[in-house]
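Overview (structure and organization)
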Amino acid sequence: MPAYKRILIKLSGEALMGDDQFGINRATMVRMVREVHEVTQLGCEVAVVIGGGNIFRGVAGGSVGMDRATADYMGMLATVMNSLALADTMRQEGMTARVMSAIAIDQVVEPYVRPKALQYLEEGKVVVFAAGTGNPFFTTDTAAALRGAEIGAEIVLKATKVDGVYTADPKKDPAATRYTNISFDEAITKNLQVMDATAFALCRDQKLPIKVFSIFKSGALKRVVLGEDEGTLVHV
Ligand code: UDP
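All values reported here derive from a predicted model rather than from experimental measurement.

Further remarks concern the overall build of the chain. Counting its secondary structure elements, the chain contains seven helices and nine strands. Its C-alpha atoms give the chain a radius of gyration of 17 Å, within 12% of the compact-globule value 18 Å for 236 residues. Counting the 236 residues in the chain, one finds 45% classified as buried. Of the contacts made within the chain by residues no fewer than 6 positions apart, 71% connect residues no fewer than 24 positions apart.

Okay, here's the thing in structure tokens:
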């Protein structure tokens, strides 16, 4: 039995790169989609927010000197590309997925309409939210918190490269240990980076717990959804 009826998974764009320098690594994406498939088969309703950092990041690289808002719109368009690729891979894996965009690109994907998203979820379809929040100066972490709250997800699952929140950077400090549970307040006091500040504040206000886990650890997503000890739970 899944511990949650409805979840929102935040995948970073960079997670799609695998060992490549940029773009989408097909084998990595297929592997991720299979992990998501497993949890849908448990009967859990799944929404996904995907980042765009593997293609474009608004505040770095190619955007030097560029107007910030323009660069951010490019970043949002990158998330649309990732969403299309993800949903198509889901289709190839026998799942039913729908992409909904926060910015209007009607010939490409349907616009985000909350009741429609809720209907898809109830029908057991995976909903991929593209184009972040639709606004510059935000991130897809914030989109994950926002959409998670809007669709009444019980938890936001933040898929990262590391398998949770640690007392210190585990790459630099071998004595670092993983928190199993931590409150929002404690994470702030200890200055631990869980999600970006806007996303974190939104989840905290809405009492929407966050689970940080590794998408590169086989079966971790399923264990999270089954409520097993995996990753770090950030709670009220
Ligand atoms: N972005 C934005 N508004 C949003 C979401 C994303 O402007 O609501 C832009 C921003 O430029 C960001 C880029 O899209 O750098 C890619 O998103 P993000 O950095 O969150 O992707 P990730 O790090 O998860 O791959």
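In this section: unusual backbone geometry. Glycine aside, residues mostly have negative phi angles, and peptide bonds mostly take the trans form. Residue alanine 131 is not a glycine yet carries a positive backbone phi of 70°. Note that alanine 131 resides in the loop between strand S5 (126-130) and helix H4 (140-150). With a phi angle near 55°, lysine 207 is a residue other than glycine that sits in the positive phi range. By C-beta crowding, lysine 207 is classed as exposed, having 10 other C-beta atoms within 10 Å.

Here we take up the site of the ligand. Near the ligand lie 25 residues; those nearest to it are Gly51, Gly53, Gly58, Gly75 and Gly132. Among the elements of the structure, helix H2 (68-92) and H4 are those that each provide at least two residues to the shell around the ligand. Per element, the largest residue contribution to the shell around the ligand is six residues, and it comes from H2. Looking at the shell around the ligand residue by residue, the classes come out as seven nonpolar, 14 polar and four charged.

Mapped onto this structure's residue numbering, the UniProt feature "binding site: ATP" (unreviewed entry) falls at Lys10, Leu11, Ser12, Gly13, Gly53, Arg57, Thr160, Tyr166 and Asp169. Across 160 residues, the annotated set is spatially dispersed, with a maximum C-alpha separation of 25.8 Å. In this fold, threonine 160 is placed in strand S6 (residues 155-160). Overall, threonine 160 belongs to the buried group, with 20 C-beta atoms counted inside 10 Å. The contacts of threonine 160, once residues within four sequence positions are left out, are Ser12, Val212 and Ser214.

Read across the open sheet, the nine strands follow the order S4-S3-S5-S2-S1-S6-S8-S9-S7; overall the sheet is mixed. Each having just a single partner strand, strand S4 (110-111) and strand S7 (181-183) make up the two edges of the open sheet. Two strands pair when backbone bridges link them, and S6 and strand S8 (residues 210-214) are joined in this way by five bridges, in the parallel orientation. The residue bridging threonine 160 from the neighbouring strand is serine 214, located in S8.

Here the focus is the packing of H4 against helix H6 (residues 197-205). When two helices pack together, their arrangement is given by the angle between the helix axes and by the axis-to-axis distance. Viewed as axis vectors pointing N to C, H4 and H6 meet at an angle of 20°, and their least axial separation amounts to 7 Å. Viewed along their axes, H4 and H6 adopt a mutual orientation that is roughly parallel. The element H4 and its partner H6 pack so that their crossing is left-handed. Contact residues: H4 offers Asp141, Thr142, Ala144, Ala145, Leu146 and Ala149, while H6 offers Thr198, Ala199, Leu202 and Cys203. Counted by class, the contact of H4 with H6 contains seven nonpolar, two polar and one charged residues.

On to the pairing of S6, then. Counting buried positions along S6 gives six out of six residues, so the element sits mostly inside the fold. The side-chain alternation of S6 yields two buried faces, one formed by Ile155, Leu157 and Ala159 and the other by Val156, Lys158 and Thr160.

A few words on H2. In this model, H2 (25 residues) spans 36 Å end to end at C-alpha, consistent with the 36 Å of a helix rising 1.5 Å per residue. Positive backbone phi, at 85°, marks glycine 94, one or two positions downstream of H2.

Core analysis: the largest hydrophobic core is formed by 68 residues, its most contacted members being Ile7, Val48, Val128, Phe129 and Val156. Filtering out sequence-adjacent residues up to four positions away, phenylalanine 129 remains in contact with Ala47, Val48, Val49, Met100, Tyr112, Ala143 and Arg147.

About the criteria used
- Residues numbered from 1 in each chain as written.
- Predicted model: local features only at pLDDT ≥ 70, side-chain atom pairs only at ≥ 80, totals over all residues.
- Helix = DSSP H or I, 4+ residues; strand = E, 2+ residues; numbered from the N terminus.
- Rg over C-alpha atoms; globule rule 2.2 N^0.38 Å.
- Buried ≥ 20, exposed ≤ 12 C-beta atoms within 10 Å, placed from the backbone.
- Contact = placed C-beta atoms within 7 Å.
- Near = placed C-beta within 6 Å.
- Nonpolar A, V, L, I, M, F, W, Y, C, P; charged D, E, K, R; others polar.
- UniProt positions renumbered as here; feature names shortened; annotations may be inferred.
- Pairing = 2+ DSSP bridges.
- Axes fitted to C-alpha atoms, helices over the stretch in contact; angles between N-to-C directions.
- Parallel < 35°, antiparallel > 145°, perpendicular 65-115°, else oblique.
- Left-handed = near helix turned anticlockwise from the far one by under 90°.
- Expected span 1.5 Å × (residues − 1).
- Core = buried A, V, L, I, M, F, W, Y, C linked by C-beta atoms within 7 Å.

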